[in-house]
Amino acid sequence: MSEDFYDVLGVSRDASEEEIKKAYRKQAAEHHPDVSDDDDAEERFKKIQKAKEVLTDEQKRKQYDQMGHDRFTEADKRGATGGGPGGAGGPFGGAGGAGGAGGFEDIFNQFFGGGGRGRGGGGGNRPRQGRDLKTGLTIDLEAAFEGATKEVTLTRPTECATCDGAGHPPDADVETCPQCNGRGQVQQVQQTPLGRVQQTSTCPRCEGEGELYSEDCSDCGGDGVVREEATLSVEIPAGIRSGQSLRMEREGAPGENGGPKGDLLIEVDVDVGDRFERDGDDLRVNEAVSFPQAVFGDTVEVETVDGSVEMDVPAGTQSGETFRLQGKGMPRLRRRGRGDLYVQVAVVVPESLNDEQREALEAFAEAGGEDIDVGGGFFEKLKSSF
Ligand SMILES: [Zn+2]
Ligand SMILES: [Zn+2]
């Protein structure tokens, strides 16, 4: 299956915007997950949406044509291409899964111009998806290890409940906008060095609605949108790393003209704590062993992120040596298996000795032929006392 956006929609490279939209409607109706039985319908549908999003945006289409599919997709993932929904978020999708419902209604609205708002025709306003919103969430290492359900609270733009997003009371008087005669768009003629240029833009008086109302909604002042606090439940998948974002579909800003809501992107920060260091899916930890343990070898208990395990320290281990405990690191995000735990051994030098230990160590040094000047002639004093 080709990935190329033109192939996905089945249009030629010089297709007009109208042709692209027509092709999109046909493909979307055929492959929408709610109506298609194909196993990969959802994947397919996302590709179709993405293709339409890029190819109907003049600037993005230009970039896409210039860069080619692979480079454009890479840049898009990094958020390097022009604004609009979908720029951020990277490869992580659908963690919340909250957006399942309403999908079919969404394309319905796209087909039929977002009816149901009682916004008389004429305006020519297309339904537009709302903005993506971003927020952050800090979790600890255990939550990242096991996966968790967390709550995020944010203040976000929400459709005004008082006016159902219309921006005016239902009984407000309506008149056709005199500036655009209800078209929602105005033509402006500009004098440029190259001659007269005619431009079409959204009517500034009615903001594209084609209608004027005698009264604005008292709660939203006519915007149809208010800011409200919302608390959402987020599924954190096991293995998530700092800086990765989870996408909750349809939890972003309200759409315009009946368009669907944008998405909410939640950037996760994992607070690893003091004990471990994290390196991708691997963890690192320091473990103290005594001098005799390092010399003779021993089995030591190592506290991992999920309980303690036994680790063999071989005879002759040097301070700073690192051992790998395979599969004792973090789980791999949305994959099987776990990273490793690297245990760096530090041989601890005792800060004080009892008499017995002292004698044994001195004997050890002497046996090895070492001549140590202990604490300024300690050995000399020792000898003279005999
Ligand atoms: Zn309102
Ligand atoms: Zn107007």
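Now for a look at the structure at hand. (Residues numbered from 1 in each chain as written. Chains lettered and ligands numbered in written order. Predicted model: local features only at pLDDT ≥ 70, side-chain atom pairs only at ≥ 80, totals over all residues. Heavy atoms only, no water.)

Some points on the pairing of strand β13 (residues 307-313)
To keep it simple, the criterion reads: Two strands form a pair only when DSSP identifies at least two bridges running between them. Under the scheme used here, helices are H or I runs from DSSP no shorter than 4 residues and strands are E runs no shorter than 2 residues, and both carry numbers assigned from the N terminus.
When strand β12 (residues 298-304) meets β13, the two strands line up antiparallel, connected through 7 bridges. The residue of β13 that forms the bridge with T304 is G307.

Description of the nonpolar core
Let me state the cut-off plainly: Here, nonpolar core refers to any group of buried Ala, Val, Leu, Ile, Met, Phe, Trp, Tyr and Cys residues whose side-chain atoms link them within 4.5 Å. Remark: exposure states derive from per-residue accessible area (1.4 Å probe, protein chains only) relative to the maximum for the residue type, with buried under 20%, exposed over 50%, and partly exposed in between. Contact definition: two residues touch when any of their heavy atoms are within 4.5 Å.
Ranked by size, the top nonpolar core spans 39 residues in total, and within it I139, I240, V302, M311 and L341 carry the most contacts. Here M311 is in contact with D298, T299, V300, V302, F323, L325, V343 and V345, once residues within four sequence places are set aside. Grouped together as the second largest cluster of nonpolar side chains are 17 residues, Y6, A15, I48 and F72 included.

Regarding the sheet that holds strand β11 (residues 282-290)
Stated precisely, the cut-off is as follows: Simply put, an axis is a line fit to the C-alpha atoms, just over the touching stretch for a helix, and the angle between two N-to-C directions goes from 0 to 180 degrees.
An order of β10-β11-β15-β14 is seen for the 4 strands of this open sheet, with the pairing classed as mixed. The open sheet has two edge strands with one neighbour each: β10 (277-279) and β14 (322-325). Strand-to-strand, the axes of this sheet are offset by a mean angle of 35 degrees, without reference to chain direction.

Quick look at a negative patch on the surface
Let me state the cut-off plainly: Every patch collects residues that have over 30% relative accessible area and no salt bridge, joining them within 9 Å if they carry like charges and within 5 Å if they are nonpolar side chains (Val, Leu, Ile, Met, Phe, Trp, Tyr). Method for areas: the Shrake-Rupley scheme with a 1.4 Å probe, in which residue coverage is limited to the protein chains shown. Throughout this description, the term salt bridge denotes a Lys or Arg side-chain nitrogen within 4 Å of a carboxyl oxygen of Asp or Glu. His is not counted, nor are the chain ends, whereas Lys and Arg count as positive and Asp and Glu as negative. Taken as the charge location is NZ of Lys, CZ of Arg, CG of Asp or CD of Glu.
Together, D140, E142, E146, E267, D269, D271 and D274 give the surface a local cluster of negative charge. When contributions to the negative patch are tallied by element, the ones reaching two or more residues are α7 (141-146) and β9 (264-271). In terms of residue count, the dominant contributor to the negative patch is β9 (3 residues). Tracing the backbone shows D274 in the loop between β9 and β10.

Observations concerning unusual backbone geometry
Positive phi, normally seen in glycine, also occurs at N257, with a value near 55 degrees. With respect to the helices and strands, the residue N257 is situated in the loop between β8 (245-248) and β9. Even without being glycine, R334 reaches a positive phi, approximately 55 degrees. Topologically, R334 is positioned in the loop between β14 and β15 (341-348).

Describing the sheet that holds β9
Spatial strand order, β1-β9-β8: 3 strands in an open sheet with mixed pairing. A single partner strand is all that each edge strand has here, and the edge strands are β1 (133-140) and β8. Each strand axis lies, on average, 30 degrees off the axis of its neighbour in the sheet, ignoring direction.

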